[in-house]
Every structure is written in structure tokens, then in C-alpha cells.
Amino acid sequence: MKATLLQAPQPTFALVLLAIACGSTPPPANQPPGELLPLTTPSGTGATPPPTQPPPAASTAAPTPTASASAKTPRPAPAGTPMVVSEGEKEVTSAYSISGGIIRIRGTADLQISREALSEVYGFTFGLNTGKNMLKITPYKGQLGDVYRLFIFREDASHQPVSVTSNGPPFVIKLPLKGAKTANLVVATSENGKAKYTVFAPKTIQTADTGDTAVFELGNLPGEAILHLTSAPPTP
């Protein structure tokens, strides 16, 4: 099924870059600015060794990397550390990299950027497809629940959508079922000015007293799309 797509103009997004953990240790208060701390404890006290004492053998161990070298590659947070959650009632825009994170809308709909899925920083907008920024794409048949908007971009081109592929664990999307026992996920994108619909089956259904949630795992995400649940079958 196809429908004509009219895309609303994208706003200028204020990119909020999250702090990415690095391996360097901050210098102490009495350390002069710009001076690197030694990574090994200096040996000796300045006394001259006895003449008969042979010089110490040269170490064959690999040199210890400097603090500046270890800071070049961002390190993800430890696996047991909870992921940062950015919450909003209608829409959230935030930046994520190797440490990942979660955007949560109304406490029930999640877009999870899995840890180590990204190797560089991207901006993500996720929220309800409403207001001046909504994408005017006709929802797919069998629509269930709300329609959500996804937009991914780089800092230097915040109006240009960029598709991303996971370098590790898949991206995770969780949407509330709102009374249905199960549902599939519709991802609607634009191709040559027309909407293309792809339907995915859930990975699992999570049950809770507050309502059930359909969980989907995707190896890649389109730069711009609408998402919603449907009773229609998955795309063959």
C-alpha cells in the first residue's frame, strides 16, 4: 500500500552532547595546567648508588600509554551501569555515541540505542508524530495506538536525515500495546516522494500491571520515518 508523502520542514535542533566516559584521570589540584601526570611512580631518592652496584636491566615491558593517547577513543560505560534515560511527554532530542542511551516518551514508548551500537556521535529525535514537525505520512492499515516520529542526524547537518546501522547489539524499540495482546511494528519511510511501509514482528511481549509492551529489535534505523503498531502481518 502506498500513499503520497508531504514532509514538513525540519527545525533547527539544539544538540545536547552527552559526556562520554574516557580513560584519563583528572590531574590533582596542585598540578600545573597543561602538564601531563607521570603514569609510573619515580624511583630513587636522588642518592648515588654504590659504584659496585650494576645498573638496573632495561625493562622489556611495553610502554604505558599516556593519558592523552588513552583519551582518543571513547570508552563505553561498564556493562552493569544503567543507561542514561531522556524522558519527555511529546518529543525528545538528544545525542548518543558508543555508550548508548534511551529516549522514553510518556513513560511507555522507548527508543534504545544499545551500548556499542554506534562508533560516533549522532543526534536522535523520537516522539509523537504531532505538531509543526510531524511527517504527513498516512499510517499503514491496521494501525494500533499512537504514531511516532524518528529523525537521526549529525551535528554539522541537523536538517539532513542519516540512516544508521548498529556495529554491535541491535537497536530496541518498545511500544505500548494498549489493550491488544500482540502487534507488529510499521516503519514508514520516503522513497522518491512516496511512502514505503515495512512491517516487523516483535522479538517479545513484556507484561506488566501498567500494560503490556511489544519489543522490537532492528539492526538499522532509517534517518527519517514514522513508527506505529499494526494488526497487519509482517512484511514477507
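Residues numbered from 1 in each chain as written. Predicted model: local features only at pLDDT ≥ 70, side-chain atom pairs only at ≥ 80, totals over all residues. Heavy atoms only, no water.

Caption draft 1: Inspection of the confidence of the model for the chain at higher detail. Summing up the model confidence of the chain, the mean pLDDT is 78 and the portion of residues at 70 or higher is 66%. A low-confidence stretch, residues 1-51 stays under pLDDT 50, and its non-local contacts, those more than four residues away or across chains, total 72 contacts. The model gives residues 62-73 a pLDDT under 50, and that stretch makes 11 contacts with residues more than four places away or in other chains. (pLDDT = per-residue confidence, 0-100. Contact = heavy atoms within 4.5 Å.)

Caption draft 2: A look at the pairing of strand β4 (residues 101-105). Within β4, 4 of the 5 residues are buried, which leaves the element mostly enclosed by the surrounding structure. The pairing of strand β2 (residues 85-88) with β4 spans 4 bridges and is classified as parallel. Residue pairing in the sheet places G88 in a bridge with I105 of β4. Bridge analysis of β4 against strand β5 (residues 109-113) gives 5 bridges, and the strand direction is antiparallel. For I105, the partnering residue across the bridge sits in β5 and is A109. Taking the residues between adjacent antiparallel strands as the criterion, β4 and β5 are bridged by 3 residues, where R106 takes a positive phi near 55°. (Buried < 20%, exposed > 50% of the residue type's maximum accessible area, 1.4 Å probe, protein only. Helix = DSSP H or I, 4+ residues; strand = E, 2+ residues; numbered from the N terminus. Pairing = 2+ DSSP bridges.)

Caption draft 3: View of the environment of I205. The residue I205 is located in strand β13 (residues 204-206) in this model. Counting along the chain gives 10 residues from I205 to V215, while the straight-line C-alpha distance between them is 6.0 Å. Look past the residues within four positions of I205 in its chain and what remains in contact with it is L177, K181, T182, D212, T213 and A214.

Caption draft 4: How the structure looks around the packing of aromatic side chains. Under the defined criterion, the tally for this structure stands at 4 aromatic pairs. Here the aromatic rings of Y140 and Y197 are separated by 5.0 Å at their centres, their planes lie at 35°, and the arrangement is tilted. Placement of Y140 in the loop between β7 (135-136) and β8 (143-153) and of Y197 in strand β12 (residues 194-200) is noted, with a sequence separation of 57 residues between them. For the pair formed by Y140 and Y197, the shared burial category is buried. (Phe/Tyr/Trp six-rings, centres within 6.5 Å; stacked < 30°, edge-to-face > 60°.)

Caption draft 5: Focus on the sheet that holds strand β16 (residues 224-230). Strand order in the open sheet made by the 6 strands is β3-β6-β8-β16-β11-β12, with antiparallel pairing throughout. Of all strands in the sheet, those with a lone pairing partner are β3 (91-96) and β12, marking the two edges. Averaged over all pairs of adjacent strands, the angle between their axes in this sheet comes to 25°, without regard to strand direction. Pairing geometry for β8 and β16, over 6 bridges, is antiparallel. Of the residues in β16, the one forming a bridge with R149 is I226. (Axes fitted to C-alpha atoms, helices over the stretch in contact; angles between N-to-C directions.)

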